[in-house]
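Observations on the model geometry
The primary structure of each chain is shown beneath.
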Amino acid sequence: MNYLVIDKIIKDALIEDVPSEDITTNSIISNESTSTVELLCKEEGMVSGLEVFKRVFDILGDVEVKLYKSDGDRVYPKEKVGFLKGSTRNLLVGERVSLNLLQRMSGIATLTNKYVQEIKHTNTKLLDTRKTTPNLRILEKYSVKVGGGCNHRFNLSDGIMLKDNHISAAGGIKNAVELARNNSSFVRKIEVETENLEMVKEALEAEVDIIMLDNMSLDLARQAVQLINKRALTEFSGNVELSSIKEISEIGVDYISVGSLTHSAKILDFSMKNLTLI
């Protein structure tokens, strides 16, 4: 991860939480006080964001962080994941921001891995989307990779995807693809969103690189995959759930994108406990 970006995320979060000072901590803890505290996991899952957690305290300063796990490891209730030692004030100031980031990232990795396990018997790859928390995309997409998924576009500058509104604005798939080819670099792949077999045929005629099968029924998507017949990569998207992804993958699509990996993942609970003055 790019620490120039990560540090800005952390500093902005710290400023949000501590706009001037931590009046509770500063009223009862001296500046010279030092302590130890443990980082504990409260439920089973896959951890992601440990270095981000540590970076919060690197930025605050005067805190040493020892980690017993790495991103991608399984963690379990009551397991000690890390040990912190240093400025009591900084331990308390950084507690909530560091835990919020770690919990959010670990929740995404945990959910992603559940989806990955459902399709591991196929060649289909799991993708995330741009349905991410504003300003946290780099952390959330990183966590998808930790969980075993793959990243779709990071942003609108990262690839050409002609969705329904683009197609409508351009007057159809053929014209949209032609305009995209004429006005962008030749190294860019072009993906087109389709909703029925007629649109799939238009996309094939335009020789696009990737055809998205958007919100199609399983039967219709199966027909589309057969029609495409490896002439383009295929991506299934829309209303994919943990209970349905296995069956979708078995129709032979190359990719399945799931927005809920990042917009609906439940946090994985961690806490900083057993603070002891030294």
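Now for a description of the structure that goes with this document. Computed from a predicted structure; not experimentally measured. (Residues numbered from 1 in each chain as written. Predicted model: local features only at pLDDT ≥ 70, side-chain atom pairs only at ≥ 80, totals over all residues. Heavy atoms only, no water.)

Our next topic: the overall build of the protein. Within the protein, the secondary structure is distributed over eleven helices and twelve strands. The dimensions of the protein, computed from C-alpha atoms along their principal axes, are 70 × 40 × 25 Å. Of all 278 residues assigned to the protein, the portion counted as buried reaches 50%. A total accessible area of about 14300 Å² is found for the protein, and carbon and sulfur atoms account for 48% of it. Seen as two clouds, the 35 positive and the 40 negative side-chain charges of the protein have centres 3 Å apart. (Helix = DSSP H or I, 4+ residues; strand = E, 2+ residues; numbered from the N terminus. Buried < 20%, exposed > 50% of the residue type's maximum accessible area, 1.4 Å probe, protein only. Areas by Shrake-Rupley, 256 points an atom, 1.4 Å probe, with all protein chains shown as cover. Lys, Arg positive; Asp, Glu negative; His and termini not counted. Charge placed at Lys NZ, Arg CZ, Asp CG, Glu CD.)

A few words on the sheet that holds strand S8 (residues 190-194). Taken in spatial order, the six strands of this open sheet run S6-S11-S10-S9-S8-S7, and their pairing is parallel. Strands with a single pairing partner mark the edges of an open sheet, and in this sheet they are strand S6 (125-127) and strand S7 (160-162). Between one strand and the next, the sheet's axes are offset by a mean angle of 25°, whatever the strand orientation. Here helix H7 (residues 173-182) sits on the sheet in contact with S7 and S8, set at roughly 160° to S8. Contacting strand S9 (210-214) and strand S10 (233-237), helix H9 (residues 218-228) runs over the sheet at an angle of about 165° to S9. (Pairing = 2+ DSSP bridges. Axes fitted to C-alpha atoms, helices over the stretch in contact; angles between N-to-C directions. Contact = heavy atoms within 4.5 Å.)

This part is about the side chain of Thr 36. Take Thr 36: it is sitting in strand S1 (residues 34-41). The class for Thr 36 is buried, based on a relative accessible area of 13%. Residues within four places of Thr 36 in sequence aside, it is in contact with Phe 83, Leu 84, Lys 85, Asn 274, Leu 275, Thr 276 and Ile 278.

With that out of the way, let us pick up the pairing of S10. By the criterion of burial, S10 is predominantly enclosed, with four of the five residues buried. What joins S9 to S10 is H9, and the crossover it makes is right-handed. The pairing of S10 with strand S11 (residues 255-257) spans three bridges and is parallel. Paired with Ser 237 across the bridge in S11 is Ser 257. (Right-handed = clockwise from strand over helix to strand, strands pointing away.)

Before going further, it helps to spend a moment on the pairing of S8. For S8, a buried count of five out of five residues is recorded, marking the element as mostly surrounded by other parts of the structure. Residues Ile 190, Val 192 and Thr 194 of S8 are buried on one face, and the alternating residues Glu 191 and Glu 193, pointing to the opposite face, are buried as well. Direction of pairing for S7 relative to S8: parallel, over a ladder of three bridges. The residue bridging Met 161 from the neighbouring strand is Glu 191, located in S8. In this region the chain leaves S8, passes through helix H8 (residues 197-205) and returns to the parallel neighbour S9; the handedness of that crossover is right-handed.

Further remarks concern the sheet that holds strand S3 (residues 63-67). The strand order across the open sheet built from four strands is S3-S5-S1-S12, with neighbouring strands paired in antiparallel fashion. At either end of the open sheet lies a strand with only one pairing partner, and these are S3 and strand S12 (270-277). For this sheet, the mean inter-axis angle between neighbouring strands, taken without regard to orientation, is 20°. One ladder, built from five bridges, connects S3 with strand S5 (residues 80-87); its direction is antiparallel. If you follow Glu 64 over to S5, its bridge partner there is Lys 85. Of the strands in this sheet, S1, S3, S5 and S12 are in contact with helix H3 (residues 50-60), which crosses S3 at around 165°. Sitting on the sheet, helix H4 (residues 88-119) is in contact with S1, S3, S5 and S12, with an inclination near 160° to S12.

Once that is clear, we can look at the environment of Arg 96. Among the structural elements, Arg 96 can be located in helix H4. We classify Arg 96 as partly exposed; its relative accessible area is 39%. Remark: the alpha-carbon pair of Arg 96 and Pro 19, spanning 77 residues in sequence, is separated by 14 Å. Leave out the neighbours within four places in its chain, and Arg 96 touches Asp 17 and Gln 103.

The next point concerns H9. For H9, every residue scored as buried is listed here: Ala 221, Ala 224, Val 225 and Ile 228. Angularly, the buried residues of H9 cover 100° about the axis, an arc narrow enough to put them on a single face. Buried residues along H9 sit against H8, S9 and S10. (Arc of directions from axis to C-beta.)

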